[in-house]
Amino acid sequence: MRVTSTTTATIPFNRPFASGREYDYIKQAIERGHVSGDGPFTRLCQQMIEALLGVSRVLLTTSCTDALELSALLLDIRPGDEVIVPSFTFVSTVNAYVLRGAKPVFIDIRPDTLNLDESLLEGLIGLRTKAIVPVHYAGVGCEMDTILTTAQRHGIAVVEDNAHGLFGKYRGKNLGTFGSLATLSFHETKNISCGEGGALLINDHRHAERAEILREKGTNRSRFFRGQVDKYTWVDVGSSFLPSDILAAFLYAQLEEHDRIQSARRRIWTNYFLHLGGWALKTGARLPYVPPHCDQSFHMFYLMMPTVEARDALIAHLKTRGIMSVFHYLPLHLSEMGRRCGGENAFCPVTEDASECLLRLPFFNQLAEDDQAAIIESIQEFRG
Ligand SMILES: Cc1ncc(COP(=O)(O)O)c(C=O)c1O
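Caption draft 1: Expanded view of the nonpolar core. Counting residues in each nonpolar core, the largest one holds 34 residues, and the members touching the most others are V83, Y97 and L200. When residues of this core are assigned to their parent elements, the largest contribution, seven residues, is made by helix 3 (residues 64-74). Leave out the neighbours within four places in its chain, and L200 touches R57, V58, L59, T61, A67, L70, S71, L74, L181, A182, T183 and A211. M48, L60, L166 and I192 belong to the second-largest nonpolar core, a separate cluster that totals 28 residues.

Caption draft 2: The environment of Q380, seen in detail. Considering the arrangement of structural elements, one finds Q380 in helix 14 (residues 369-381). In the structure, Q380 is positioned 66 residues away from L314 in sequence and 11 Å away in space, judged by C-alpha atoms. The contacts of Q380, once residues within four sequence positions are left out, are H275, L276 and W279. Here H275 takes part through its backbone oxygen, which lies 2.8 Å from a polar atom of the side chain of Q380.

Caption draft 3: Looking closely at the site of the ligand. In the vicinity of the ligand, 16 residues are found, and the nearest of them are T65, D161, S185, K190 and Y329. Here an oxygen atom of the ligand sits 2.9 Å away from a polar atom, N or O, in the main chain of C64. In isolation the ligand has 390 Å² of accessible area, and contact with the protein removes 92% of it. Counting only elements with at least two residues in the shell around the ligand, the list comes to helix 3 and helix 4 (91-98). Among the residues making up the shell around the ligand, the classes are represented as five nonpolar, nine polar and two charged.

Caption draft 4: Spotlight on the pattern of salt bridges. Per the counting criterion, the structure on display carries 24 salt bridges. Between E212 and R57 there is a salt bridge, with the nearest N and O atoms lying 3.0 Å from each other. Within this pair, whereas E212 is found in helix 7 (residues 208-215), its partner R57 is found in strand 1 (residues 57-61), the two being separated by 155 residues in sequence. What makes E212 buried here is its relative accessible area of 5%. A single salt-bridge network, built from bridges that share partners, covers R21, E256, E257 and R260.

Caption draft 5: Spatial organisation of the pairing of strand 8 (residues 181-185). Of all five residues in strand 8, five are buried, a share of seventy percent or more. Alternating positions in strand 8 separate into two faces, L181, T183 and S185 on one and A182 and L184 on the other, with burial throughout. Bridge count for strand 5 (residues 157-161) against strand 8 is three bridges, and the pairing is parallel. From the neighbouring strand, E160 faces strand 8, where its bridge partner is A182.

Caption draft 6: Geometry of the packing of aromatic side chains. In total, this model carries 15 aromatic pairs according to the counting rule given. Pairing Y272 with F363 gives two aromatic rings, centres 6.5 Å apart and planes at 50°, and the pair type is tilted. Highlighted residues: Y272 in helix 10 (residues 258-283) and F363 in the loop between strand 12 (358-360) and helix 14, separated in sequence by 91 residues. An identical accessibility class is assigned to Y272 and F363; each is buried.

Caption draft 7: Examining the sheet that holds strand 8 more closely. Spatially, the seven strands line up as an open sheet ordered 1-9-8-5-4-2-3, and their pairing is mixed. Unpaired on one side and paired on the other, strand 1 and strand 3 (103-107) mark the two borders of the sheet. Pairwise comparison of adjacent strand axes, ignoring direction, gives a mean angle of 25° for this sheet. By the bridge criterion, three bridges tie strand 2 (residues 82-86) to strand 4 (residues 129-132) in an arrangement that is parallel.

Rules used throughout
- Residues numbered from 1 in each chain as written.
- Predicted model: local features only at pLDDT ≥ 70, side-chain atom pairs only at ≥ 80, totals over all residues.
- Heavy atoms only, no water.
- Core = buried A, V, L, I, M, F, W, Y, C linked by side-chain atoms within 4.5 Å.
- Buried < 20%, exposed > 50% of the residue type's maximum accessible area, 1.4 Å probe, protein only.
- Helix = DSSP H or I, 4+ residues; strand = E, 2+ residues; numbered from the N terminus.
- Contact = heavy atoms within 4.5 Å.
- Polar contact = N/O pair within 3.5 Å; in protein donor to acceptor, adjacent residues only side chain to side chain.
- Near = heavy atom within 4 Å.
- Areas by Shrake-Rupley, 256 points an atom, 1.4 Å probe, with all protein chains shown as cover.
- Nonpolar A, V, L, I, M, F, W, Y, C, P; charged D, E, K, R; others polar.
- Salt bridge = Lys/Arg side-chain N within 4 Å of Asp/Glu carboxyl O.
- Pairing = 2+ DSSP bridges.
- Phe/Tyr/Trp six-rings, centres within 6.5 Å; stacked < 30°, edge-to-face > 60°.
- Axes fitted to C-alpha atoms, helices over the stretch in contact; angles between N-to-C directions.

Structural data, given as C-alpha cells:
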C-alpha cells in the first residue's frame, strides 16, 4: 500500500484511496470483454468476502442502499409491517423498508457504543414487527446475543446493516454473519471502496436462490448461465442491483490489500486514542468506547463533546487550521420524512444528544503521520 503525505494545506475529512492495482485490473476487465455485471472480478470479490468472513453466499450490489432494498424484497416486507431501526443511522437503513410500505419503529441508542439499545427491543416489538435492523456504528458490534435471542423469541428477522463494520467482530465472530441477511458498503468513505458499491451477505441459505433472481431484474438469468435452465425469463419481482465488472475490478484491487489497509487504520485510530485521552479528560469530551468482547473495524474516529456549542466551536477551530471535521447523523425520527412515518412518537433522547455533540476526525487509509500530528496538536489547543 502506498501512503503519501498531504501536499495541500487542507486535511480533508476523507480522501479516496487507491492501492495501485485498480488500473491494471480495470484494463484486464476491458480487454477480457466482460464489463457488465457478474463477470470474473465480481466472482473473485464475492469468493474472497465469503472466505474472509465465512459467509455462505455474497452478492455484490451497486451500494449498501441497494443491498438493504434487496433485503426488504427478500423478507417480503409489505404495507402495515413494522421494522425496528435506530434513529441514529443513515437514511438508507430505514428507507429500504419504507419503500416497501413498512412503518419504521425508531429505537434509541446506548450512550456508550451508540448502537441500538437492545434493552428497549421488547417494548417496541408488536404483532406487526417483521424485522430488526441493527447498525454496527463505527464498526463496533451491537449486542448481538440479546438481539438474536429477542428476535428468535418473536420469530422476527434480523438484518445487520454492516456498512461500517467489515472485519469487525462480536465475541470473536465476524460482523455480518449474525443476521439472516447483512449488508456492506464500499462507498468512497469506507475502509475498502470502489467509489459506490455494496454487498448482500446471505447467512440463511433459504434466501440464496431468490436473492440472485431479485438482483437480476426478477429473472433466472444466473441459473441460465450455469446451464440449469435452457432459457431465461421473468420469474419474480426484481431490479438491477448488480455492479459492472469494472467496479468489481477496482474493488478486488482493494480487497487484496485488506490486511495492510486494516493495519494502517488501526495505527491511525490508536494514535488518536492515545494522544487525545488527557485532553478529553480536561475538556469533558469522550473518546469512542469499544467493549472488550468487540473487535472494531477501525472505520472512524469520533469525539463526543460535552455540548453542541463545544462541538460546533471545535469544528470551526479545526477549520481555521485547514482541518475538516464533520458531524454525523441527524436523528431520523425528527426528520421531515421520519415525522411523516410517525417518528414524532419515538422517544430517542440519547440519539438527539449524540447527534448534537459528535464530530468525526479526518480518517482515511493514507492519512500521513505528520498530518495526523497536526490534527492532534490543533485539538489539544482547543479548550472549549
Ligand atoms: C449505516 C449506513 N447504512 C447504509 C449506508 C449506505 O451506504 P451506500 O452509500 O453504500 O449506499 C451508509 C452510508 O454511509 C451508512 O452509514
